[in-house]
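# A closer look at the structure
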Amino acid sequence: MKSDFTHGDASRSSIPTFQATQRVNDIKKDIRDITTLKQHAAAITKNQSEIGRLNTEIANLEEELRSTGSSKTADDVQTDLDALSNEM
């Protein structure tokens, strides 16, 4: 990539100060945007891991229910718990 500045070349005019300042500000904004996206990506990764863990836990609980002779799923049990909570 060709640089806008050349070292030691006094005959070449530099970018006007306003334009240079604007470019620096644009780059700083881009860095903030990238940092924000990086934080969102980390949160998504964490949430996906938590979802996987919870799905495994649900499957284990449903297996425990089946082993006791119940045909209810975790959703069925949650529905029953919600109904009981509403009655109280």
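This write-up is about the structure you can find in this document.

This part is about the overall build of the protein chain. A tally of regular secondary structure across the protein chain gives two helices and zero strands. For the protein chain, with 88 residues in total, the buried portion stands at 1%. Looking at the protein chain as shown, the accessible area adds up to about 8,000 Å², and 57% of this sits on carbon and sulfur atoms.

Taking 1.5 Å per residue, 51 residues should reach 75 Å; helix α1 (residues 17-67) reaches 75 Å between its end C-alpha atoms and fits that length. Just downstream of α1, G69 is the residue with a positive phi angle, here 95°.

Opposite charge on two side chains permits them to pair, given that their charged atoms come into close proximity. Tallied over the full model, the rule gives four salt bridges. Residues E50 and R53 are paired through a salt bridge, measuring 2.7 Å at the closest nitrogen-oxygen approach. On the criterion of helical spacing, the pair formed by E50 and R53 is a turn pair, its members being three residues apart in helix α1. Its relative accessible area of 34% is what places E50 among the partly exposed residues.

Our focus in this paragraph is the side chain of E62. Tracing the sequence through the fold places E62 in helix α1. At 4.6 Å, R66 is the nearest oppositely charged side chain to E62, a buried residue that forms no salt bridge. Excluding residues that lie within four positions of it along the chain, E62 makes contacts with T73 and A74.

What counts, and where the lines are drawn
- Residues numbered from 1 in each chain as written.
- Predicted model: local features only at pLDDT ≥ 70, side-chain atom pairs only at ≥ 80, totals over all residues.
- Heavy atoms only, no water.
- Helix = DSSP H or I, 4+ residues; strand = E, 2+ residues; numbered from the N terminus.
- Buried < 20%, exposed > 50% of the residue type's maximum accessible area, 1.4 Å probe, protein only.
- Areas by Shrake-Rupley, 256 points an atom, 1.4 Å probe, with all protein chains shown as cover.
- Expected span 1.5 Å × (residues − 1).
- Salt bridge = Lys/Arg side-chain N within 4 Å of Asp/Glu carboxyl O.
- Lys, Arg positive; Asp, Glu negative; His and termini not counted.
- Contact = heavy atoms within 4.5 Å.

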